[in-house]
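# Reading the structure
What follows is the residue order along each chain.
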Amino acid sequence: MRTAVHGMPRIGPRRELKWALEAYWHGRSTRAQLEETAAGVRRRNWRAMQAAGIDFIPANDFSLYDHMLDAAVALGSVRPGIQLPPAGLDLDDYFAFARGGVIGGQPVAPLDLTKWFDTNYHHLVPELDRASGFRADPTKPLREMHEARGLGIDPTIAFIGPLTFLLRSRAVDGCDRLQLLDRLVDAYCEMLGRLAEEGASWVRLDEPVLVEDRDARELEMLEHAYRRLAECPRRPQLSVSTYFGHVGDAMATLVDLPVEGIGLDLCRGVENLALLEASGGARAKVLFAGVVDGRNVWVNDLARSLDLLDRCSKLATEVVVSTSCSLIHVPLSVVAETSIDPAVATRLAFAEEKLVELAVLARGAGMGRDAIADALADNRARLAAQGRRSPRRPPRGSVAARGDQPASSTAREQSDRRSPGLAERAEAQRRRFALPLLPTTTIGSFPQTAELRAARAAWRAGGSDDEHYRALLRAEIDRVVEIQEGVGLDVLVHGEPERDDMVRYFAANLTGFALTENGWVQSYGSRCVRPPILFGDVDRHGPITLEWARYAQSATARPMKAILTGPVTMVRWSFVRDDQPEETTALQVARAIRDELVDLQEAGIGIIQVDEPAFREGLPLRQAERASYLEWATSAFRTVSAAAKADTQVHTHMCYARFGDVLSALSELDVDVISLEAARSGMSLLDELGAASYAGGVGPGVYDVHSPEVPSVAEIEELLERALHIVGPDRLWVNPDCGLKTRRYEEAVPALGNMVEAAKRLRERLNR
Ligand code: GLN
Ligand code: ZN
């Protein structure tokens, strides 16, 4: 049996590509140096796949920034009105599309960035209009194909398929994107011709849009497009790959496409197998069976995968054992981790370990299980390892190590509904906090200075003692409190100086989570994150944020808002265990966060914000699965909020501009106030909110924290006026779009000053 990989992580084992990109962007290195680093990353990946004996090795899976932008460039159309050269877009022009800049003397705004399906990777969104024309520029795929050939590899060229390309692009004039399909297919044909001429044997076209709900017309268009591609006068063999779920109704169309191979995700889309059986199999095609999960970090259950492959073998002329999707969604290698508990590490498989799994599976499926008896025994032992259940030792300096007392156990037995209702709570809170009309606040984090980051790194590395580090954090809190009192904010925050990352910080202080040192996964461009690994039962060692919240409250007479990360975001931004339903895991995390809320409440903290920026993006790709997601997600959240007393004000924060899909759930969260990102969309989300049943406080962000520009009082006032119209004066809060962590103090302080001033002016008018 042969083996296939969709793509490898492209950032390099030590994030070499990130550093090279940033050095180049900031003028600290040459184009040649960047190209050399990039070539080195590709070479390393190819060698790793070669060494593992992978048969279908990809080329063109690499990208200097993003694969959707690469596809747009190769198809000759990135944005209406900007002419691309016939071949070989200049590197600086390429980056200008991603980051903003100047092309041909004209200033260019960056393309929008959006989530790649339900992953935490973000792609650039090419722009189209009804006049868009396409033309093949195979410079990049050809170059990578020849590079691979130089290493003795005959690669499969990876490319986004035409339907996915159109549906993941944006029509700036609102035109029907599918009307462009025929023109687009012409360019694909030209591309396939060029690749064939140069000797490419396989091209893989990725159509992950097939795992979302597609209507009959879209499926007809798919069929039409591939019929035309199949008839291109000269072309390599084609496989159509789908991933991130099952293809549902599209299976019947998929198996009949006149191509040589199809790829199915049998991890997140186990249903695919039954669907394939029901459609009578993959006909005379090669079936790329995605049994090695590209979305998670656990070792493969080899015996189970072999069973799946057995079933597949009756459904196609040839079965190829494959990754379920590209491996860019997992870190590169477990070998780079030295501090993960061995009982946990033995259960992990990152990208390079998954290559070995593919090879073992191919041997087992081809030559029988006896041929891999040792590997199967080793695999059974790993799967049985107790890692998931053994709690981590409290990390150095964690609150547990300091011995604070955890919340009383009665708090753990709360119901998951908050009582009394919203109106009665609002009254109790009005009495307790006596806030003015249009109260002003922030989302939690204040600028993280280089000094602060350096101090944290030194403390972690053992270079400075706990007391010294904590004194520094207290000084930072003092400064942040003083600033907030100075600009006249009503509800203060402590600034989150102790957190490097909102998920990692809590993960570090809970059992059941492991943190990687090098487990970087690309988020977009040169930005990477290290998702924690949630391997076992989650609990607190003891209070986590209590010390800082208490200290901050003692520093001011104004109400201090404590900030926690919510259970849905903790789970969605981590790699989670796969031996129990995600909702069970989320509930466990929720109980730990709830205990933290109870501790804060008992210590007299009256306002507590539970951040859920991942709540909206956690929505399943298919409509039919959304209701059940929203049900468990809101219930996990409520497990936290329901522990709050009537006069404890619970806030939540979400930072995506499109809320339509989750608005109905907002009233189910039992919060008193919600802050939302809204500035960039000009408050348009409030129209949706006006229609929702949620009746609590609303803080639509009044300025974009991602921009260094300081918004004027007038601009903020105008947005507030708009919000006032829809929400009314009694529910409206005033805050920025998100945390201020990435800003500098010189930007943040004047911006907040203007925000407070705008609120005051409006308040005066309302009181008149
Ligand atoms: N409280 C966090 C902050 O202010 C929220 C971050 C987020 O929404 N992503 O940084
Ligand atoms: Zn946010």
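Because the structure is a prediction, the values reported are computed rather than measured. (Residues numbered from 1 in each chain as written. Chains lettered and ligands numbered in written order. Predicted model: local features only at pLDDT ≥ 70, side-chain atom pairs only at ≥ 80, totals over all residues. Heavy atoms only, no water.)

## A look at the coordination of the zinc ion (ligand 2)
- Coordination sphere of the zinc ion (ligand 2), protein contribution only: H653 (NE2), C655 (SG) and C738 (SG), at 2.1 to 2.5 Å.
- The coordination sphere of the zinc ion (ligand 2) comprises 4 donor atoms, whose angles at the metal cover 92 to 120°; the geometry is tetrahedral.
- Donor residues for the zinc ion (ligand 2), ordered by position in the chain, follow H-x1-C-x82-C. Residue H653 is located in strand β22 (residues 649–654), and its partner C738 is located in the loop between α26 (713–727) and α27 (745–767); the two are separated by 85 residues in the primary sequence.
- Taking the relative accessible area as the measure of exposure, H653 reaches 3% and is therefore buried.
- For C738, a relative accessible area of 19% puts it in the buried group. (Donors = N, O, S within 2.8 Å, 3.2 Å for Na, K, Ca; no water. Tetrahedral: all angles 85-135°; square planar, octahedral: opposite > 155°, others 65-115°. Helix = DSSP H or I, 4+ residues; strand = E, 2+ residues; numbered from the N terminus. Buried < 20%, exposed > 50% of the residue type's maximum accessible area, 1.4 Å probe, protein only.)

## What about the site of ligand 1?
- In the vicinity of ligand 1, the contacting residues are I443, G444, S445, E496, M502, I563, D611, P613, H653, C655, C738 and G739.
- The contact in question runs from an oxygen atom of ligand 1 to an N or O atom on the side chain of S445, over 2.7 Å.
- H653 places a side-chain nitrogen or oxygen 3.1 Å from an oxygen atom of ligand 1.
- Here ligand 1 loses 89% of its free accessible area of 300 Å² to cover by the protein chains. (Near = heavy atom within 4 Å. Polar contact = N/O pair within 3.5 Å; in protein donor to acceptor, adjacent residues only side chain to side chain. Areas by Shrake-Rupley, 256 points an atom, 1.4 Å probe, with all protein chains shown as cover.)

## A closer look at the packing of aromatic side chains
- A complete count under the given rule lists 15 aromatic pairs for this structure.
- Ring geometry for Y24 versus F95: centroids 6.1 Å apart, planes at 50°, classification tilted. Residue Y24 is located in helix α1 (residues 16–25), and its partner F95 is located in helix α4 (residues 91–99); the two are separated by 71 residues in the primary sequence. The two residues Y24 and F95 agree in class, both being buried.
- A ring pair is formed by Y94 and F95, whose centres lie 5.5 Å apart and whose planes are at 65°; its orientation type is edge-to-face.
- Note on Y94: relative accessible area 7%, which makes it buried.
- Every member of this aromatic cluster is reached through a ring pair, and the members are Y24, W25, Y65, Y94 and F95. (Phe/Tyr/Trp six-rings, centres within 6.5 Å; stacked < 30°, edge-to-face > 60°.)

## What about the packing of helix α11 (residues 302–313) against helix α14 (residues 373–384)?
- Look at α11 against α14: their axes get within 9 Å of each other, and the N-to-C directions meet at 125°. Relative to α14, the element α11 lies oblique. On the side of α11, the interface is formed by L302, A303 and L306, while α14 contributes A375, L376 and N379.
- Here the contact of α11 with α14 is built from residues that sort into 5 nonpolar, 1 polar and no charged. (Axes fitted to C-alpha atoms, helices over the stretch in contact; angles between N-to-C directions. Parallel < 35°, antiparallel > 145°, perpendicular 65-115°, else oblique. Contact = heavy atoms within 4.5 Å. Nonpolar A, V, L, I, M, F, W, Y, C, P; charged D, E, K, R; others polar.)

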